[in-house]
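What follows is each chain in one-letter form.
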2 protein chains.
Amino acid sequence: VFITLFVYCYKKNTFDKMPKYDIGIIGGGQLGKMLIEEGIRYNVSYATLDPEANSPASPISHHHITGSLNDAAKIEELVQQCKVTTYEIEHINIEAVKTLADSGHKFIPSPNILEMVQDKGLQKQFYAENNIPTSPFVVVNNSSEWLPALHQNNFIKFAAKLRRGGYDGKGVVLMQTSEIENDSFSIPFNEPCVLESFVNCTKEISVIVSRDLKGNVQCFDPVEMEFDEVANLVTYLICPAQISNKVKITSYNLATKIVNQLDAVGIFAIELFVLEDETVLVNEMAPRPHNSGHHTIEGCYTSQYEQLNRILLGKPLGDTSIAQPSAMINILGSLDFSGPYILFGEDEILKMAGVYIHMYGKAQSKPNRKLGHITIIAPTAKEVKEKADYILKTISIQPN
Amino acid sequence: VFITLFVYCYKKNTFDKMPKYDIGIIGGGQLGKMLIEEGIRYNVSYATLDPEANSPASPISHHHITGSLNDAAKIEELVQQCKVTTYEIEHINIEAVKTLADSGHKFIPSPNILEMVQDKGLQKQFYAENNIPTSPFVVVNNSSEWLPALHQNNFIKFAAKLRRGGYDGKGVVLMQTSEIENDSFSIPFNEPCVLESFVNCTKEISVIVSRDLKGNVQCFDPVEMEFDEVANLVTYLICPAQISNKVKITSYNLATKIVNQLDAVGIFAIELFVLEDETVLVNEMAPRPHNSGHHTIEGCYTSQYEQLNRILLGKPLGDTSIAQPSAMINILGSLDFSGPYILFGEDEILKMAGVYIHMYGKAQSKPNRKLGHITIIAPTAKEVKEKADYILKTISIQPN
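Predicted, not measured: the structure shown is a model, and the values here were computed from it.

Draft legend 1. Region of the structure containing the relation of the copies chain A and chain B. With an axial shift of 0.0 Å and an RMSD of 0.0 Å, the rotation relating chain A to chain B amounts to 180°. On the angle and the small slide along the axis, the relation comes out as a two-fold axis. For chain A, the residue whose C-alpha comes nearest the rotation axis is I60(A), separated from it by 3.0 Å.

Draft legend 2. Expanded view of the sheet that holds strand β2 (residues 46-50) of chain A. Residue and element names in this part refer to chain A. Taken together, 4 strands build an open sheet; the order of strands is β3-β2-β1-β4 and the sheet is parallel. If you trace the sheet from one side to the other, it starts and ends with β3 (63-66) and β4 (82-87), each paired once. Averaged over all pairs of adjacent strands, the angle between strand axes in this sheet comes to 20°, irrespective of strand direction. Pairing of β2 with β3, which is carried by 4 bridges, proceeds in the parallel orientation.

Draft legend 3. Summary view of the packing of aromatic side chains. Per the counting criterion, the structure on display carries 4 aromatic pairs over all chains. A cation over a ring is seen here: K387(A) above Y301(B), with NZ or CZ 5.9 Å from the ring centre.

Draft legend 4. Structural context of the interface of chain A and chain B. At the interface, 35 residues of chain A touch 35 residues of chain B. When chain A packs against chain B, the two sides together hide about 3,000 Å² of surface, and 53% of this comes from carbon and sulfur. Three residues, R41(A), Y301(A) and L350(A), lead the burial of chain A against chain B; their summed loss comes to 24% of the area buried on that side. Counting across the chain A and chain B interface gives 4 salt bridges. Measuring nitrogen to oxygen at the nearest pair gives 3.3 Å for the salt bridge that ties D347(A) to K315(B). The tally of links between chain A and chain B comes to 22 residue pairs in polar contact (both at pLDDT 80 or more). Counting only elements with at least two residues in the side of chain A that touches chain B, the list comes to α2 (30-37), α12 (346-350) and β17 (355-359) of chain A. Among the residues making up the side of chain A that touches chain B, the classes are represented as 19 nonpolar, 7 polar and 9 charged.

Draft legend 5. Main features of the pairing of strand β9 (residues 201-211) of chain B. All names here are of chain B. For β9 and strand β13 (residues 266-275), the ladder comprises 10 bridges, and the chain directions are antiparallel. Bridge pairing in β13 links K203 to V274. Pairing analysis gives 3 bridges linking β9 to strand β10 (residues 217-219), with the strands arranged antiparallel. Paired with S210 across the bridge in β10 is Q218. Hairpin connection between β9 and β10: a loop of 5 residues separates the two successive antiparallel strands, and G215 in this loop has a positive phi of roughly 95°.

Draft legend 6. A look at the nonpolar core. The biggest cluster of nonpolar side chains holds 102 residues, and the ones touching the most others in it are I374(A) and I374(B). When residues no more than four places from it in sequence are discounted, the contact partners of I374(A) are A327(A), M328(A), I329(A), I331(A), I349(A), V355(A), Y356(A), I357(A), I391(A) and I395(A).

Draft legend 7. How the structure looks around empty space enclosed by the protein. Enumeration according to the criterion identifies 4 cavities of 30 Å³ or more in this entry. What the largest cavity holds in volume is close to 660 Å³. Taken together, 32 residues form the lining of the largest cavity, with E38(A), I297(A), E298(A), I297(B) and E298(B) sitting closest to its centre. Of the residues in the lining of the largest cavity, the class split is 14 nonpolar, 8 polar and 10 charged.

Draft legend 8. Inspection of the environment of I297(A) at higher detail. Mapped onto the elements of the fold, I297(A) is located in helix α10 (residues 296-299). Taking the C-alpha atoms as reference, I297(A) lies 21 Å from E204(A); in sequence the two are 93 residues apart.

Draft legend 9. How the structure looks around the environment of G318(A). Mapped onto the fold, G318(A) is located in the loop between α11 (304-313) and β15 (326-332). Between the C-alpha atoms of G318(A) and I36(A), which are 282 residues apart in sequence, the distance is 17 Å. Not counting residues up to four positions away in its chain, the partners in contact with G318(A) are Q218(A), T302(A), Q307(A), R310(A) and L350(B).

Draft legend 10. Quick peek at the side chain of E196(A). All names here are of chain A. Relative to the helices and strands, E196 resides in strand β8 (residues 193-197). Among the polar contacts listed, one links the side chain of E196 to the side chain of K161, at a separation of 3.3 Å. Excluding residues that lie within four positions of it along the chain, E196 makes contacts with K124, S135, P136, F137, F155, K157, F158, A159, K161 and N283.

Draft legend 11. Representation of unusual backbone geometry in the model. For the bond running from C239(A) to P240(A), omega is 5°, close enough to zero to count as cis. Along the chain, P240(A) turns up in the loop between β12 (233-239) and α9 (245-261). The phi dihedral of N43(B) is positive, around 60°, even though this residue is not glycine. Of note, N43(B) is situated in the loop between α2 (30-37) and β2 (46-50).

Draft legend 12. The environment of E348(A), seen in detail. All names here are of chain A. Topologically, E348 is positioned in helix α12. Judged by its relative accessible area of 36%, E348 is partly exposed. Note: C-alpha distance between E348 and C300 (48 residues apart in sequence) is 25 Å. Dropping the residues within four chain positions of it, E348 is found in contact with Y390 and T394.

Draft legend 13. The arrangement of the pairing of strand β8 (residues 193-197) of chain B in detail. Residues and elements named next belong to chain B. β8 sits mainly inside the fold: 5 of its 5 residues count as buried. Here β8 shows two buried faces, one formed by C193, L195 and S197 and the other by V194 and E196. Judged from the 4 bridges that link them, strand β5 (residues 137-140) and β8 form a sheet pairing that is antiparallel. When the sheet's bridge partners are listed, F137 is paired in β8 with E196. The pairing of strand β6 (residues 157-162) with β8 spans 5 bridges and is antiparallel. Opposite L162, over in β8, you have C193 as the bridge partner.

Draft legend 14. Fine view of helix α11 (residues 304-313) of chain B. All names here are of chain B. Counting buried positions along α11 gives 9 out of 10 residues, so the element sits mostly inside the fold. For α11, every residue scored as buried is listed here: Q304, Y305, E306, Q307, L308, N309, R310, I311 and L312. Looking at the residues trailing α11, positive phi occurs at G314, about 75°.

Draft legend 15. Local environment of the state of the cysteines. Residues and elements named next belong to chain A. If you walk through the whole model with that rule in mind, you get 0 disulfides over all chains. Free cysteine C201: the closest other cysteine sulfur is in C239, separated by 18 Å. Here C201 falls in the partly exposed class, since its relative accessible area comes to 24%.

Draft legend 16. Quick look at the sheet that holds strand β5 (residues 137-140) of chain A. Residue and element names in this part refer to chain A. Pairing is antiparallel in the open sheet, where 4 strands are placed in the order β5-β8-β6-β7. Strands at the two margins of the open sheet, each flanked by one partner only, are β5 and β7 (172-176). Across this sheet, the average inter-strand angle for adjacent strands is 25°, counted without regard to direction. With respect to the sheet, helix α6 (residues 120-129) is in contact with β5, β6 (157-162) and β8, its orientation differing from that of β5 by roughly 145°.

Draft legend 17. Structural view of the packing of helix α3 (residues 72-80) of chain B against helix α4 (residues 94-102) of chain B. Residue and element names in this part refer to chain B. It is the contact of α3 with α4, at a shortest axis distance of 9 Å, that shows an interaxial angle of 40°. Taken together, the axes of α3 and α4 are oblique relative to one another. Like other packed secondary-structure pairs, α3 and α4 cross with a definite hand, here right-handed. Contacts between α3 and α4 involve A72, I75, E76 and V79 from the former and A96, V97 and L100 from the latter. Across the contact of α3 with α4, the residue classes tally to 6 nonpolar, no polar and 1 charged.

About the criteria used
Residues numbered from 1 in each chain as written. Chains lettered and ligands numbered in written order. Predicted model: local features only at pLDDT ≥ 70, side-chain atom pairs only at ≥ 80, totals over all residues. Heavy atoms only, no water. Least-squares fit on C-alpha atoms with pLDDT ≥ 70 in both. Pairing = 2+ DSSP bridges. Helix = DSSP H or I, 4+ residues; strand = E, 2+ residues; numbered from the N terminus. Axes fitted to C-alpha atoms, helices over the stretch in contact; angles between N-to-C directions. Phe/Tyr/Trp six-rings, centres within 6.5 Å; stacked < 30°, edge-to-face > 60°. Lys NZ or Arg CZ within 6 Å of the ring centre and 35° of its normal. Contact = heavy atoms within 4.5 Å. Buried area = accessible area lost by both parts, 1.4 Å probe. Salt bridge = Lys/Arg side-chain N within 4 Å of Asp/Glu carboxyl O. Polar contact = N/O pair within 3.5 Å; in protein donor to acceptor, adjacent residues only side chain to side chain. Nonpolar A, V, L, I, M, F, W, Y, C, P; charged D, E, K, R; others polar. Core = buried A, V, L, I, M, F, W, Y, C linked by side-chain atoms within 4.5 Å. Buried < 20%, exposed > 50% of the residue type's maximum accessible area, 1.4 Å probe, protein only. 1 Å grid on protein atoms, 1.4 Å probe; cavity = no way out; pocket = protein on both sides within 12 Å on 5 of 7 lines; lining within 4 Å. Points joined across faces, edges and corners; volume = space filled by probe spheres on them. Disulfide = S-S within 2.5 Å. Parallel < 35°, antiparallel > 145°, perpendicular 65-115°, else oblique. Left-handed = near helix turned anticlockwise from the far one by under 90°.

Now the structure itself:
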């Protein structure tokens, strides 16, 4: 009787602590929303943590916790209810995640990778130490170190990036050494930064790479980016990228080398510079689904979101081939106002074939805020581009 | 002050009665689930009514009411909270819906159409009265009327269908007049039935037709069905159907004529028989998304579910063109057991390109219960068929 009672108590205790949800997501933004969308047909249950009660993901999350991504107690509350936890944003309390991982909770990707990626200095050092080609760089701790470092490295034109906390082009400034020397531009950051020599690239491309728990790797076809130089944001991307087969193979090899070297499990976006001579340099990586992979939902047989779900659930990787050429347009908040908004021109583009509007459900527009995106698919790249050009002319975010 | 107070009270009252959800769905099965799935990227909110608290749609519905679809009070509770209401199943309390429609609540499709479709006798009469070709039929009220009616109409082989309440092949029996005459088969129904003369068709096809509030009509490409004769259920369908252009045009014309004649708004499945001489007969219709349109999620630029969302929201109809040839396989409960189950072979087929598993989240398997479906897309119909054949050999529903 004593033993039975003990077993009963033990089992009850175990049962009470059994995670209720399949997947936890730290962050409840659009990336989390689309991860959930792509898991519904497998009946996956999700819990999310986000500072906003009405985040994009929360209406379709099975359980939403409202709290700061820096709040260790809230992160623990999430993680304890989930069989495995992932993150859809880098800026989270990494110490809390590491402590929970040490006590046996399952995270994909591993917090060590997130910790490295969170710090653009560590990230660049990782590339340098592993012979992964990247642009020349120097790490500085405060503004007084800038000029000596720039002179020592002979940087003329460079990108300054905050080591921690930057996103969507924030925390990144493109400038010239002479502008500091002649005081026409003051040093924008006093925090630790990476200064990267400007490289004259002909193309910026991105490879989404997936790696499962068994170490299988699948790359998605490279996509080619068009940047809005003012916002320093991707506004348009096209897949497949217009690159040589040599560049394509090189980009696959680099992406694969990075995830293998890190023993990284999950979905990773590897942003690459392609130079005139077809040299390929790694710009930076993200340890999560990425804006440059949105087109995979309609354009590829398996999307980056489905692929991450498969990895989190221990299912085989899906086929990442292109189903049809595609383009992706970010729907960004207008520079002219903040507040409630409408997508003007929506009905016009809904009439087009192969046009998919994804709105993230954000109540307020802000300048350059990512409010949604549009994917365009068509049998040929030419048709895709024509449709994308028409859409760019037709839609706008306007006050409601 | 008095006027202000009055206006305030009036507004508050109006606000309290403002419907909270965009779309109400009577029924919470897989059709409702997929309707919701396809509305998430537009941030549509849904409320559902279903007898089961854990119906396929309820985990992703924003508000779920557990109750019988015959319960007028529950239907009213749903409808009052929604801007517009639709149904994903025919067997609902039509009187309740008509009363609510009369008091100003918006239903798509109109309850009149549902009322006609619910009764296979009225449906056949509608076709006959409107010169819409359909197989010869006779309506009987009880079993004593069968033999006289069969003799009078010279039916040798026929299908007997319950006028009301049949679904998924239930309430339908194929038999011969001689079997009744010689008592080898007793009359299966004493309720009102339609007896339809057997037609020797070479193909069964289906056209999903959409019609919006402005009267615009868009047909999806016809799909061709393969039946499991034991279960009398579609097990496999392929799109595009292998039919002549003449048959295709005829099927579009029939589908369009039906929805125009009925002034019907919504999504309708028109099931058709194609005879040896390319005559096309209307078998029956459903006033909702249909099993024979599941493939449109991945195979067409706009799915039947997105199309219905657009109609419900007053958005323009989407382009219904085929993106890639597709096939759809129903995942049916094994005849051998009832209870918890697994989809055996799932991991094997997840490795294939262009294969999409949709599980409906039903906890228990029952013989022939629709537990899910698989869509296959590929650049050619040949590849689609090869994959479908492989999948049919590979998967099975097994006890868990």
